[in-house]
Amino acid sequence: MTVKLLALAASTRAGSHNKRLLALAVAQATQLGADVTVLDYDDCDAPIYKGDHSGALPAGAAKLSAALRASDGWLLASPEYNWSIAGGLKNLIDWLSVDAAAPLKGRTGLLMCASPSTRGGISGLQHLQVPLEVLGMWVYPQLIGIGDAANQIGADRLTKEKDQQHLVTCVTDFVRATKALKHA
Ligand SMILES: Cc1cc2nc3c(=O)[nH]c(=O)nc-3n(C[C@H](O)[C@H](O)[C@H](O)COP(=O)(O)O)c2cc1C
């Protein structure tokens, strides 16, 4: 039985490090037989959530919600901003939280970050884990944080062998866990 994954890099930047890291995870998951749909972050634009919302979600958030509901799990690459969650992504998660369809609930997530700093954005990923779990997502417990991203992300693998092995292990375990939870 095929696992369906949504892949999103929370950056619109041309040459985004997070898009390049996500592409490696997508390639690995595809090689393992997962059916991966890549969503463009440009298609997920949403106004700032102001708390007095009623009715339909804005188009960008609705598109993300539908893509999540059509998937079993989420490969999510996001920049770290000021040691925490990038604001645009947090805003989208807030929109998803008022969606009656609860698109995060019962799904799995694998979080990754590519960053120019040596810390690899791990602090931002730890913060990102919190709202996703509160909203019912099962987040894979290992995070993928790649620092010095300009030099460490190649076209078809990560430069450092230990980083590449970590990526392969995480994606492999994540696909297996998503398959298991889908039938739980
Ligand atoms: C507002 C802002 C805050 C940032 N804060 C951090 C940070 O806390 N840690 C970090 O590693 N990089 C930080 N950066 C740098 C980003 O990691 C860098 O711009 C990265 O290339 C963004 O990801 P992308 O290449 O996928 O677009 C910040 C950038 C911006 C614009």
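Conventions and cut-offs
- Residues numbered from 1 in each chain as written.
- Predicted model: local features only at pLDDT ≥ 70, side-chain atom pairs only at ≥ 80, totals over all residues.
- Heavy atoms only, no water.
- Salt bridge = Lys/Arg side-chain N within 4 Å of Asp/Glu carboxyl O.
- Helix = DSSP H or I, 4+ residues; strand = E, 2+ residues; numbered from the N terminus.
- pLDDT = per-residue confidence, 0-100.
- Axes fitted to C-alpha atoms, helices over the stretch in contact; angles between N-to-C directions.
- Parallel < 35°, antiparallel > 145°, perpendicular 65-115°, else oblique.
- Left-handed = near helix turned anticlockwise from the far one by under 90°.
- Contact = heavy atoms within 4.5 Å.
- Nonpolar A, V, L, I, M, F, W, Y, C, P; charged D, E, K, R; others polar.
- Near = heavy atom within 4 Å.
- Polar contact = N/O pair within 3.5 Å; in protein donor to acceptor, adjacent residues only side chain to side chain.
- Areas by Shrake-Rupley, 256 points an atom, 1.4 Å probe, with all protein chains shown as cover.

Looking now at the pattern of salt bridges. If you walk through the whole model with that rule in mind, you get six salt bridges. We note a salt bridge from Asp94 to Lys90, for which the minimum N-O separation is 3.0 Å. Of this pair, Asp94 and Lys90 both sit in helix H3 (residues 87–97), four residues apart, which is roughly one turn of that helix.

Further remarks concern the confidence of the model for the chain. Averaged over all residues, the pLDDT of the chain is 97; the fraction at 70 or higher stands at 99%. Of all helices and strands in the chain, the one with the weakest mean pLDDT is helix H6 (residues 161–182) (97), whereas strand E3 (residues 73–77) scores best (99).

Below, the discussion takes up the packing of helix H2 (residues 59–69) against H3. One way to put it is that H2 packs onto H3 with a least axis distance of 10 Å and a crossing angle of 70 degrees. With respect to H3, the element H2 is oriented roughly perpendicular. For the element pair H2 and H3, the recorded crossing hand is right-handed. Between H2 and H3, the contacting residues are Ala61, Leu64, Ser65 and Leu68 on the first element and Leu92, Trp95 and Leu96 on the second. Looking at the contact of H2 with H3, its residues break down into six nonpolar, one polar and no charged.

On to the site of the ligand, then. What surrounds the ligand is a group of 14 residues, the closest being Ser11, Ser16, Glu80, Trp83 and Ser115. Within the backbone of Trp83, an N or O atom sits 2.7 Å from an oxygen atom of the ligand. Its free accessible area being 610 Å², the ligand has 71% of it covered by the protein chains. Where the shell around the ligand is concerned, the elements lending two or more residues are helix H1 (17–31) and strand E4 (80–81). Of the residues contributing to the shell around the ligand, the split by class is four nonpolar, seven polar and three charged.

At their nearest, the axes of H1 and H6 sit 9 Å apart, and the two run at 55 degrees to each other. It follows from the interaxial angle that H1 and H6 lie oblique. Helix-helix and strand crossings are classified by hand; for H1 and H6 the assignment is right-handed. Between H1 and H6, the residues in contact are Leu21, Leu24, Ala25, Gln28 and Ala29 and Leu167, Val168, Val171, Thr172 and Val175, respectively. The class makeup of the residues in the contact of H1 with H6 is eight nonpolar, two polar and no charged.

What follows deals with the environment of Pro58. Among the structural elements, Pro58 can be located in the loop between strand E2 (35–39) and H2. Put simply, Pro58 and Cys170 are 112 residues apart on the chain and 33 Å apart in space, counted from C-alpha to C-alpha. Ignoring any residue separated from it by four or fewer positions in sequence, one finds Pro58 in contact with Ala46, Pro47 and Trp95.

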